[in-house]
Amino acid sequence: MKTVILAGGYGTRLSEETTIRPKPMVEIGGKPILWHIMKLYSHYGINDFIICCGFKGEIIKEYFTNYHLKNVDVTFDLAKNSFKVHRNGVEKWKVTLVDTGINSTKNSRIRQIKDYVGRETFCLTYGDGVSDVNISNLLTFHKDTNATATLTAVKSPGRFGAFKLKADETKIKTFKEKPTDNSVWINGGFMVLDPQIFNYLASDEKDFEEGPLNVLANLGKLHAFKHTGYWQNMDTLRDKMVLEELWKEGNAPWKIWTK
């Protein structure tokens, strides 16, 4: 299974950091938040990643180009123009970096990775949010509900795509991109999508949340995996500082991996 990570936006609300790097490369504890997201999926055995690059995407490419050498012990024999790796501490990741354009919509970015995904169910998430969501349970839930798309539902105030669910409901009937009721559930990312999702991505008139997800909600093909554990989006400098402090204290709830 593959995980697609949307990492091409401008991140304007975090301009203190994103003037020099894309938001997924903003560091928490000395590692890009993108790394933290990938570690979560890797913990559940998903090590094949497709990253949709855009704004300052070359920085993401440079990071993975140099990743191996930065994380191993190595001896260079300059005379023989060779090197020997002594300790390989690198994750078993396969990372495909796709330039999906600077000003592209999410619909466009996802369309462009269709050939890389193939005809299989895949995970999709945003490159700026961390959580301790159980990916294995999420995948099982998606399969059991026979949904075209499943998103992880979390509760948080303001600004995110929202919907209402009764206590025993998972099927989403309406989806609002800009809610006014802060008590509703919101889209926390960490989605699972069947290949049929590409049938709903033809238009860029409305972006992913207001367009395809809303259409699927109306068709009864969008479900919510309710997550009451930890979730945090890094949208502002304050969000970054909160995450940084949790990591510094050794109390980062999203760090469920052991190595």
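Here, every reference points to the structure presented above.
Residues numbered from 1 in each chain as written. Predicted model: local features only at pLDDT ≥ 70, side-chain atom pairs only at ≥ 80, totals over all residues. Heavy atoms only, no water.

**Side note on a nonpolar patch on the surface**
Right, so step 1: Together, L69, F76, L78, F83 and V85 line one region of the surface with nonpolar side chains, adding up to about 530 Å² of accessible area.
Right, so step 2: As for its placement among the helices and strands, F76 is situated in strand β5 (residues 72-77). (Patch = residues over 30% accessible without salt bridge, like charges linked within 9 Å, V, L, I, M, F, W, Y side chains within 5 Å. Areas by Shrake-Rupley, 256 points an atom, 1.4 Å probe, with all protein chains shown as cover. Salt bridge = Lys/Arg side-chain N within 4 Å of Asp/Glu carboxyl O. Helix = DSSP H or I, 4+ residues; strand = E, 2+ residues; numbered from the N terminus.)

**Digging into helix α9 (residues 237-248)**
Right, so step 1: Relative to the 16 Å expected for 12 residues at 1.5 Å per residue, α9 spans 16 Å between its end C-alpha atoms, a close match to the ideal helical length.
Right, so step 2: Listing the buried residues of α9 in full gives D239, K240, L243 and L246. For α9, the angular spread of the buried residues around the axis is 130 degrees, confining them to a single face. Those residues of α9 that are exposed and aimed more than 90 degrees away from the buried face are R238, M241 and K248.
Right, so step 3: Where α9 is buried, its residues touch α1 (15-18), β2 (27-28), α2 (33-43), β9 (129-131) and β15 (231-233).
Right, so step 4: G250 occupies a position one or two residues after α9 and carries a positive phi of about 70 degrees. (Expected span 1.5 Å × (residues − 1). Buried < 20%, exposed > 50% of the residue type's maximum accessible area, 1.4 Å probe, protein only. Arc of directions from axis to C-beta. Contact = heavy atoms within 4.5 Å.)

**Describing the environment of T140**
Right, so step 1: Take T140: it is sitting in helix α7 (residues 135-145).
Right, so step 2: Sequence separation between T140 and I33 is 107 residues; the distance between their C-alpha atoms is 26 Å.

**A word on the packing of aromatic side chains**
Right, so step 1: Following the criterion strictly, the structure yields 13 aromatic pairs and no others.
Right, so step 2: Between W35 and W257, the ring centres sit 5.8 Å apart and the planes meet at 90 degrees, which makes this aromatic pair edge-to-face. Separated by 222 residues along the polypeptide, W35 in helix α2 and W257 in the segment after α9 bring together distant segments of the chain.
Right, so step 3: The buried category is assigned to W35, whose relative accessible area is 8%.
Right, so step 4: Exposure remark for W257: the relative accessible area of 6% places this residue in the buried category. (Phe/Tyr/Trp six-rings, centres within 6.5 Å; stacked < 30°, edge-to-face > 60°.)

**Here's the deal with the pattern of salt bridges**
Right, so step 1: Evaluation of the coordinates by the stated rule reveals 8 salt bridges.
Right, so step 2: Note that D207 and K106 form a salt bridge whose closest N and O atoms lie 3.7 Å from each other. Residue D207 is found in the loop between β13 (191-193) and α8 (209-218), and its partner K106 is found in helix α5 (residues 106-112); the two are separated by 101 residues along the sequence.
Right, so step 3: With a relative accessible area of 22%, D207 lands in the partly exposed category.
Right, so step 4: A salt bridge links K106 to E209; the nearest nitrogen and oxygen atoms lie 3.3 Å apart. Of this pair, K106 sits in helix α5 while E209 is found in helix α8, placing the two residues 103 residues apart along the sequence.
Right, so step 5: Accessibility expressed as a relative area gives 26% for K106, which makes it partly exposed.
Right, so step 6: Among the charged side chains, a network of salt bridges with common partners joins K23, D128 and D235.

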